Amino acid sequence: MQPDQLIEKFQQKDESAFAKIYELYSESIFGIIYSVLHNQELSEEVLQDVFLKAWNNAASYTPEKGRFFTWLLNIARNAAIDKTRSKAFKNSKQNQNAAYFVDILEEKSSFSSRIDAIGIKKYIEVLEPICKKVIHLLFFKGYTQKETAEALEIPLGTVKTRNRICINKLREVLDIK
């Protein structure tokens, strides 16, 4: 079955199409969720929520607005960020053990290995270092533009401009109009 047909069947609530889409995309989507949450169990829970939300809102996807994977990825990223902003998530992070913080510190230096979770490492690698940092914080860590400006110690306006420039460069590399 062709990808367009699969998506169409998914939108028509075909359960076998749902199973195939889950099989095709769940690993990559989980990688994005995990890169934001750093928790296996919560990431699995959010993954299920993402596919349920995609199933319930399948009619809202239109190919003219972008690729299906990107649509699904945005649902996942937003769901993971929403989870980090929940009171229960914040409370669970108050009493973390030392291993959690060591993992976070190691993770900051392993951006290159983590971005390959969705297969875009080769594309991100061609961007200049500031673009890698901005994309990492905004899209993979779920930072706001203000938080990114503070983390990189640059003005908010610079973050906004850099984000726009970096995304446009990434679009050029990916040949997305």
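Residues numbered from 1 in each chain as written. Predicted model: local features only at pLDDT ≥ 70, side-chain atom pairs only at ≥ 80, totals over all residues. Heavy atoms only, no water.

Chemist: I keep staring at the overall build of the protein and nothing clicks. Help me out?
Modeler: Each helix and strand in the protein was counted, giving 11 helices and zero strands. From first element to last, N terminus to C terminus, the protein shows the α and β order α-α-α-α-α-α-α-α-α-α-α. For the protein, the proportion of its 177 residues judged to be buried stands at 37%. A separation threshold of at least 6 residues defines the contact pool for the protein, and within that pool the share at least 24 residues apart is 56%. In the form shown here, the protein has an accessible surface area of approximately 10,800 Å², with 51% of it arising from carbon and sulfur atoms. (Helix = DSSP H or I, 4+ residues; strand = E, 2+ residues; numbered from the N terminus. Buried < 20%, exposed > 50% of the residue type's maximum accessible area, 1.4 Å probe, protein only. Contact = heavy atoms within 4.5 Å. Areas by Shrake-Rupley, 256 points an atom, 1.4 Å probe, with all protein chains shown as cover.)

Chemist: Got a minute to help me understand the packing of helix α1 (residues 3–11) against helix α2 (residues 15–37) in this structure?
Modeler: The description of two helices packed together rests on the angle between their axes and the distance between the axes. Remark: α1 packs on α2, axes separated minimally by 8 Å, with the N-to-C direction vectors making an angle of 125 degrees. Taken together, α1 and α2 sit at an angle that is classed as oblique. Between α1 and α2 the crossing geometry is left-handed. Contacts between α1 and α2 pair Leu6, Ile7, Lys9 and Phe10 from the former with Ala17, Phe18, Lys20, Ile21 and Leu24 from the latter. Of the residues in the contact of α1 with α2, the class split is seven nonpolar, no polar and two charged. (Axes fitted to C-alpha atoms, helices over the stretch in contact; angles between N-to-C directions. Parallel < 35°, antiparallel > 145°, perpendicular 65-115°, else oblique. Left-handed = near helix turned anticlockwise from the far one by under 90°. Nonpolar A, V, L, I, M, F, W, Y, C, P; charged D, E, K, R; others polar.)

Chemist: In this structure, what is going on with the packing of aromatic side chains? I would like to understand it.
Modeler: Aromatic ring pairs are described here by two measures, namely the spacing of the ring centres and the angle between the planes. Tallied over the full model, the rule gives 12 aromatic pairs. Between Phe10 and Phe18 the ring centres are 6.1 Å apart and the planes differ by 10 degrees, which places this aromatic pair in the stacked class. In this structure Phe10 comes out as buried when scored by relative accessible area, which is 0%. Accessibility expressed as a relative area gives 24% for Phe18, which makes it partly exposed. Residues Tyr61 and Phe68 carry aromatic rings whose centres are separated by 5.3 Å and whose planes lie at 90 degrees to one another, so their mutual orientation is edge-to-face. For the pair Tyr61 and Phe68, one class covers both residues: buried. Taken together, the aromatic side chains of Phe10, Phe18, Tyr22, Tyr25, Phe51, Trp55, Tyr61, Phe68, Phe69 and Trp71 make up a single cluster linked through ring pairs. Between the NZ or CZ atom of Lys13 and the centre of the ring of Trp55, over which it lies, the distance is 4.9 Å. (Phe/Tyr/Trp six-rings, centres within 6.5 Å; stacked < 30°, edge-to-face > 60°. Lys NZ or Arg CZ within 6 Å of the ring centre and 35° of its normal.)

Chemist: Would you mind going over the confidence of the model for the protein with me for this structure?
Modeler: Low pLDDT means the predicted coordinates in that region are not meant to be read closely. Across the protein, the average pLDDT comes to 81, with 79% of residues at 70 or higher. Taking the mean pLDDT of every element in the protein, the minimum, 46, falls on helix α7 (residues 111–114) and the maximum, 94, on helix α3 (residues 40–56). Within the model, the stretch residues 97–116 combines pLDDT values under 50 with 24 contacts to residues more than four positions away or in other chains. (pLDDT = per-residue confidence, 0-100.)

Chemist: Sorry, what's going on with the nonpolar core here?
Modeler: Soluble globular proteins tend to pack their nonpolar side chains together in the buried interior. Counting residues in hydrophobic clusters, the biggest one holds 37 residues, and the most contacted among them are Phe10, Ile29, Ile33, Val50, Phe68 and Leu72. Elements represented by at least two residues in this core include exactly α1, α2, α3, α4 (68–85), α9 (129–140) and α11 (156–174). With 10 residues, the single largest contributor to this core is α4. If we skip the residues at most four places from it in the chain, Phe10 touches Ala17, Phe18, Ile21, Ala54, Trp55, Ala58 and Phe68. (Core = buried A, V, L, I, M, F, W, Y, C linked by side-chain atoms within 4.5 Å.)

Chemist: Just checking my understanding: could you explain a nonpolar patch on the surface for this structure?
Modeler: Nonpolar side chains collect at one region of the surface, where Val126, Val173 and Leu174 lie side by side and expose about 220 Å² of accessible area between them. Among the secondary structure elements, Val173 is positioned in helix α11. Overall, Val173 belongs to the partly exposed group, its relative accessible area being 35%. (Patch = residues over 30% accessible without salt bridge, like charges linked within 9 Å, V, L, I, M, F, W, Y side chains within 5 Å. Salt bridge = Lys/Arg side-chain N within 4 Å of Asp/Glu carboxyl O.)

Chemist: Explain the packing of α9 against α11 here, please?
Modeler: Across the interface, α9 lies against α11 with an axial gap of 9 Å and an inter-helix angle of 100 degrees. When the axes of α9 and α11 are compared, the pair comes out roughly perpendicular. Every residue of α11 that contacts α9 at Ile130, Cys131, Val134, Ile135, Leu138 and Phe139 is listed here: Arg162, Asn163, Cys166, Ile167 and Leu170. Residue classes in the contact of α9 with α11 are distributed as nine nonpolar, one polar and one charged.

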